[in-house]
Amino acid sequence: MCSIWKYCNGMAGIYAGKSYSEQTKMEYEWKPDEQGLQQILQLLKESQSPDTAIQRTVQQKLEQLNQYPDFNNYLIFVLTKLKTEDEPTRSLSGLILKNNVKAHLHNFPNGVTDFIKNECLKNIGDPSPLIRATVGILITTIASKGELQNWPDLLPKLCALLDSEDYNTCEGAFGALQKICEDSAEILDSDILDRPLNVMIPKFLQFFKHSSSKIRSHAVACVNQFIISRTQALMMHIDSFIENLFALAGDEESEVRKNVCRALVMLLEVRMDRLLPQMHNIVEYMLQRTQDQDENVALEACEFWLTLAEQPICKDVLSGHMSLLIPVLVNGMKYSEIDIILLKGDVEEDEAVPDNEQDIKPRFHRSRTVAQQHEEDGIGEEEEEEDDLDDDDTISDWNLRKCSAAALDVLANVFRDELLPHILPLLKELLFHQDWVVKESGILVLGAIAEGCMQGMIPYLPELIPHLIQCLSDKKALVRSITCWTLSRYAHWVVSQPPDTYLKPLMTELLKRILDSNKRVQEAACSAFATLEEEACTELVPYLGYILDTLVFAFNKYQHKNLLILYDAIGTLADSVGHHLNKQEYIQMLMPPLIQKWNMLKDEDKDLFPLLECLSSVATALQSGFLPYCEPVYQRCVNLVQKTLSQAMLHGSQPDQCEAPDKDFMIVALDLLSGLAEGLGGSIEQLVARSNILSLMYQCMQDKMPEVRQSSFALLGDLTKACFQHVKPCIADFMPVLGTNLNPEFISVCNNATWAIGEISIQMGIEMQPYVPMVLHQLVDIINRPNTPKTLLENTAITIGRLGYVCPQEVAPMLQQFIRPWCTSLRNIRDNEEKDSAFRGICSMIGVNPGGVVQDFIFFCDAVASWISPKDDLRDMFYKILHGFKSQIGDENWTRFSDQFPPPLKERLAAYYGV
């Protein structure tokens, strides 16, 4: 260290005693101190060592050197002037300088920045491609730090260098321009720089015909940056651009072909009108390119089918090409040799190999959203989770196989059963092929078309499903894993058949795969089983013992990554079978391993997320069965919330000393508390009484992060239902906060706040009066807002009804402003307590303000008819209102009025209410 410090002090001495203007004058006469230079070179060499301890020491020394103003002069000197040094060392010097520019550019002395800029422009044509590329990266980093405005001659100089006779100079300048176009596209197309693109784009177009393929590739890549944003300068030359692209279609250089394909894919989105006249030729070209020898070109071309499928003209354009396109996509769905190597496709047993922690993707918790149950589905209106195509997470990179499968999936959704004549002959051949790679791709094809072609596939499923169930025990792990995924895509159909036919054999085999000796198969089987659970729901009840046996056995078998997926399968099982899980024998199987994991995990371990989510579902399902476990779980959740809030406060007051907490811990804990409140009901009262959860919840309700507020309002509603005596003293504080969160910009927050207000109304009764003005106008605005999601509309309607139920005098005057959307929102939800109280409210309000419903009475009639079996006294209320209206307007008018009804509504009202 001594010599470094000696040299650092020497560097400091270069500036010592000189005035600032003298320093600036001397910049360009700057010469390195020989001893300092040697030591920096030594550092650069050491930093290439594979030894992490040496790398750490080097890193510290570099940090210290940053305190010296001309340290960066040394770095640019090594990069551009020290031609005797080896290229990796010179390039590394440039990359360290790039990092310094990123972190400290605004602290560089003026002269240093100018020195670096000049050296970059002088050396953009270095003979070495590596050095040219490094200089280009350095230029674009300086430019993207807001220096484009302060470097007015950069773009003109680079554009002028494009005309250089020297290839290296032209290529280096183009490389730098391409990086600037990628990093600073927005500012290039703005008035700040006086719109340089008006000059640059025509200039780039001239180079599409350059003799060097590298230059042609740069030119197309530069222009491509401006397609999606519909940049004016490009739109003015769009025809010339497209013409030039077509001229490059058959280019021998794969990088050029790749950029041409990328351009056509983007133009499909933004300038379809310009491509239409040539569409037939473009489709034929893309068919060739999707089979390009270079996989990167094939992948870019394959994106074309994905993009085209989203355009309304897709069917017209592709109808005549399907017989060629489908085999190309199906062929692209085979694993390449390199895929199989990366996926360790020859390793059949790896269950004992610990996971590489880097391979475990971070998990994000989805906060609790309260939704209504519907007549047709019996499940809450949650957004459907994306059903990821295929399951090779390890090559998480987007590749030709995944893109081909995704394209086939979206095309199946466009063409539906018209796709089948093209695909069934291929499937026959693939699914029974001797080569496992071909057979595996056939199983993927079958899964990819499941959603779009389900109707047309039904006649073949009685033969295909047993074949797939057999494939679950194939000797190749990759065949077993894809079969799990494909079967999950047909789970809906399996469950609709008699259980012994397919459900039982499928479940039996999937459970065996959950205990497979290959980790990829375990993961695929667990995910597929979770899908089957969601579809089968209570159909699984007879097999619960057998299912739990398997899942609990997997606890001790799984490595880290799959354990997280196992939690999900257990949570989904609890959601699906509900209170049927509350049997002593099941509880004794399931709870000990879960609680053991719970005790092992530290408060800061992110594995708590999936475990807490799982416990939340289990607690809700077990209800009183969870009581023996609830106290430590409750306590820990409260502690997690408290800890996170304290850390957030510390970070707020001392951001430099304390880092911001990960609020997901608090969100998951709030959601588990909701699960406990929902499952345990009144039994949670003692725990609430002994804790400070209400004051913590009050802080969470005001958190800046929407997901925290969302979960705290869900918990407020659940505690209101479970033990209102503890919530009531805080209502005066809570209600104004609820009112300010009725903002549909944050859909889920607004939804949960709305639901909580409804629950509070029912408990408060007439005492709700002072709070009605805080919330009513916002609720009426939301219910009348166009494009409001169904879940939010339903919860808003129920809450307005409940407010009217307890305070009819306060709410009824606004009846006319919400009655129509109110009726249409609630006609589709199934009979339940919430719907009951909301309709009692609407009846009370009509009693107070009958004029408010007259104009929209047909909507009220329709909503009343949506009840299957209302309670007797509610039916009487409906009867009185319907007959009251009829007698008010007279028989003749009623007949005219009721003639507008659709026949089913007319019949129903006549049968149930005699009108």
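Conventions we followed
All residue numbers refer to position in the chain's written sequence, counted from 1. Residue-level local features of this predicted model are given only where pLDDT is at least 70; pairs of side-chain atoms are given and counted only at 80 or more, and the full residue set underlies all totals for whole chains, interfaces and linings. Where side-chain values are given, they derive from all heavy atoms of the structure, hydrogens and water being excluded. Domain extents, as shown, originate in an automatic or database domain assignment. Between the rings of Phe, Tyr and Trp (Trp by its six-membered ring), a pair exists once the centres lie within 6.5 Å; its type follows the angle of the planes, with under 30 degrees stacked, over 60 edge-to-face, and the other angles tilted. Working definition: with a 1.4 Å probe on protein chains only, accessible area under 20% of the residue-type maximum means buried, over 50% means exposed, and in between means partly exposed. For the purposes of this entry, the term helix denotes a DSSP run of H or I that reaches at least four residues, the term strand denotes a run of E that reaches at least two, and both are numbered from the N terminus. Our definition puts a charge over a ring when NZ of Lys or CZ of Arg is within 6 Å of the ring centre and also within 35 degrees of the ring normal. Take the buried residues of types Ala, Val, Leu, Ile, Met, Phe, Trp, Tyr and Cys, join any two whose side-chain atoms come within 4.5 Å, and each joined set is a nonpolar core. Here a residue-residue contact requires only that any non-hydrogen atoms of the pair lie within 4.5 Å. Exposure above 30% relative accessible area and the absence of a salt bridge qualify a residue for a patch, where like charges join within 9 Å and nonpolar side chains (Val, Leu, Ile, Met, Phe, Trp, Tyr) within 5 Å. We get accessible surface area from the Shrake-Rupley algorithm with a probe of 1.4 Å; when it comes to residues, only the shown protein chains can shield them. Any carboxyl oxygen of Asp or Glu that lies within 4 Å of a side-chain nitrogen of Lys or Arg is treated as forming a salt bridge with it.

Once that is clear, we can look at the domain arrangement of the protein chain. Think of interface size as the accessible area that goes away when the parts come together; that is how it is often given. For the protein chain, the assigned domains are domain 1 (31-146) and domain 2 (289-351 + 398-458). The C-alpha centroid of domain 2 is placed 47 Å from the C-alpha centroid of domain 1.

Further remarks concern the packing of aromatic side chains. With the rule as written, the count across this model stands at 24 aromatic pairs. Between F304 and W305 the ring centres are 5.1 Å apart and the planes differ by 85°, which places this aromatic pair in the edge-to-face class. Of the two residues, F304 and W305, neither departs from the other in class, the shared state being buried. Between F860 and F878, the ring centres sit 6.5 Å apart and the planes meet at 80°, which makes this aromatic pair edge-to-face. A residue pair is termed long-range when its members are at least 10 positions apart, and F860 in helix 50 (residues 857-865) and F878 in helix 51 (residues 872-889) qualify at 18 residues. Given a relative accessible area of 0%, F860 falls into the buried group. Here the aromatic residues W822, F839, F857, F860, W867, F878, F885, W894, F897, F901, Y912 and Y913 are joined through ring pairs into a cluster of three or more. Here the guanidinium or amino end of R709 rests over the ring plane of F746, the centre of that ring lying 5.4 Å away.

Below, the discussion takes up the nonpolar core. The biggest cluster of nonpolar side chains holds 320 residues, and the ones touching the most others in it are F241, W305, I449, F626, L676, F818 and W822. It is helix 37 (residues 664-680) that provides the largest number of residues to this core, a total of eleven residues. Summarising the domain contributions, this core has at least three residues from each of domain 1 (31-146) and domain 2 (289-351 + 398-458). Among all residues touching W305, those that are not within four sequence positions of it are V283, M286, L287, T290, L318, L325, L329 and A407.

All right, on to a nonpolar patch on the surface then. Among the surface-exposed residues, I338, I341 and L342 lie close enough to one another that they form a single nonpolar patch of about 320 Å² accessible area. With respect to the element layout, I338 can be found in helix 22 (residues 337-342).

What follows deals with the pattern of salt bridges. Pairing between side chains becomes possible if they bear opposite charge and their charged atoms approach one another. Considering all chains together, one arrives at 47 salt bridges under this definition. Across the pair D126 and R90 runs a salt bridge, and its minimum N-O distance is 3.0 Å. You can see D126 sitting in the loop between helix 7 (110-122) and helix 8 (129-147) and its partner R90 sitting in helix 6 (residues 87-104), a full 36 residues away along the chain. The class of R90 is buried, set by a relative accessible area of 4%. Where E418 meets K315, a salt bridge forms, and the shortest distance between an N and an O atom there is 3.1 Å. One end of the pair, E418, is in the loop between helix 23 (400-415) and helix 24 (420-431); the other, K315, is in helix 20 (residues 314-318), and 103 residues separate them in sequence. The exposure class assigned to E418 is partly exposed, which follows from its relative accessible area of 47%.

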